[in-house]
Each structure stands twice: as structure tokens, then as C-alpha cells.
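Read off the chains here:
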Amino acid sequence: MQRWILLGLVGAVILLSAGAFGVWSMRQNRSLEQWVPMPLNAKSSLEERTQTLQEIQRLLTHESVLQKVAKEMNLQERFGLKSNEEAVARLKSSMFVREGEFRHPMTQETFPSIDIGVRGKTKERALLGEIAMRLSKETRTLLGIPEDP
């Protein structure tokens, strides 16, 4: 009788640990978006915001910009891909530029913004944040906007 209790206990422990691993694995593979908001002038019109959004999207999807970012950040190795072209293709497919809102932390006032970011998995959170920051920096450079001190 004691052997059956012990075997049942061992089976329950194995089942619980497999379930815990399954939940952890599922959470690590959820989709995640990381972006950097670039606040716009609150008085800008919808046409101006749309035009700015399209201009940023055109600049960032240019092949030379994507290759530069992928090479500087060593995305081929960090994503575990075979070639730099695959890294550029993955960056291009996961990157987004969209219109959003930015909430000022002190006044809670909202401003229109353009969000520049990437999509990926939760386990890639740190890398996605770095890529979003690098794309934002590249956008500022291409548009001629000075960096904040």
C-alpha cells in the first residue's frame, strides 16, 4: 500500500512540474510589442500627422536603413538566423510605425504621438526594447531632429 502512495505522489509531482513548465513556456511565447513614442505637436492637423507617419514609415523601411540597424545590433546572431538578409527580413516584418497617444507622466495630459516599434515574443523583451530604441534614434537622425540632452 505504501508503494502505491509513493508512486502516486511521484506521479503527482511529475504532473504538477510538467504543468508548471507548460504554463511558463506558454507565457514566454506570448506576443509582445515594444515601441518608443515620439510626441507630436498637439496643434498639428490630422493631415500633418498622417504625412509625418508616412514619411517615417518610408524612411525606416528603406533597405539600407534596415541593413545598417541589423548589422550594428548583430541581429543575425541574436535572433539565431543564418544570414544577415534573414535578419533584415525579420526586422522588416516585425517593425511597425503607427499613430498613438503619449500621456505626460506629471500632468496626465495626452498628446498625439507616432509609435515606432517591433513585435516579437515575451522572452525577447530586452532585445525588442533595444531594437525599438535604435529605430527611434535612426528616425531622429534621418529627420534631423536633435537628441535630448
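As shown above, the structure is provided for reference.
The structure reproduced in this document is the subject of the present report. (Residues numbered from 1 in each chain as written. Predicted model: local features only at pLDDT ≥ 70, side-chain atom pairs only at ≥ 80, totals over all residues. Heavy atoms only, no water.)

Turning next to helix α1 (residues 2-28). Taking 1.5 Å of rise per residue, 27 residues should cover 39 Å, and α1 covers 39 Å from first to last C-alpha, within 8% of that figure. A small share of α1 lies buried, amounting to zero of its 27 residues. (Helix = DSSP H or I, 4+ residues; strand = E, 2+ residues; numbered from the N terminus. Expected span 1.5 Å × (residues − 1). Buried < 20%, exposed > 50% of the residue type's maximum accessible area, 1.4 Å probe, protein only.)

Turning next to the nonpolar core. Among the nonpolar cores identified, the biggest contains 24 residues, and Leu60, Leu75, Leu91, Ile116, Val118, Ile131 and Leu135 are the most heavily contacted of them. When residues of this core are traced back to their parent elements, those giving at least two are β1 (31-39), α2 (46-60), α3 (63-72), α4 (75-79), α5 (84-94), β2 (95-103), β3 (110-121) and α6 (125-143). In contact with Leu91, not counting residues within four places along its chain, are Leu66, Val69, Leu75, Val118 and Ile131. (Core = buried A, V, L, I, M, F, W, Y, C linked by side-chain atoms within 4.5 Å. Contact = heavy atoms within 4.5 Å.)

All right, on to the pattern of salt bridges then. Taken as a whole and judged by the stated rule, the model has 10 salt bridges. The shortest N-O distance in the salt bridge between Glu130 and Arg78 comes to 2.8 Å. With Glu130 in helix α6 and Arg78 in helix α4, this pair connects stretches of sequence that are 52 residues apart. Judged by its relative accessible area of 36%, Glu130 is partly exposed. Exposure remark for Arg78: the relative accessible area of 39% places this residue in the partly exposed category. Close ionic contact of Arg90 with Glu124 constitutes a salt bridge, the shortest N to O distance being 3.0 Å. Note that Arg90 is positioned in helix α5 and Glu124 in the loop between β3 and α6, a separation of 34 residues in sequence. (Salt bridge = Lys/Arg side-chain N within 4 Å of Asp/Glu carboxyl O.)

Turning next to the pairing of β3. Bridge analysis of β1 against β3 gives nine bridges, and the strand direction is antiparallel. Bridging from a neighbouring strand, Gln34 pairs with Val118 of β3. Counting the residues in the hairpin turn of β2 and β3 gives six residues, including Gln108, whose phi is positive at 60°. (Pairing = 2+ DSSP bridges.)

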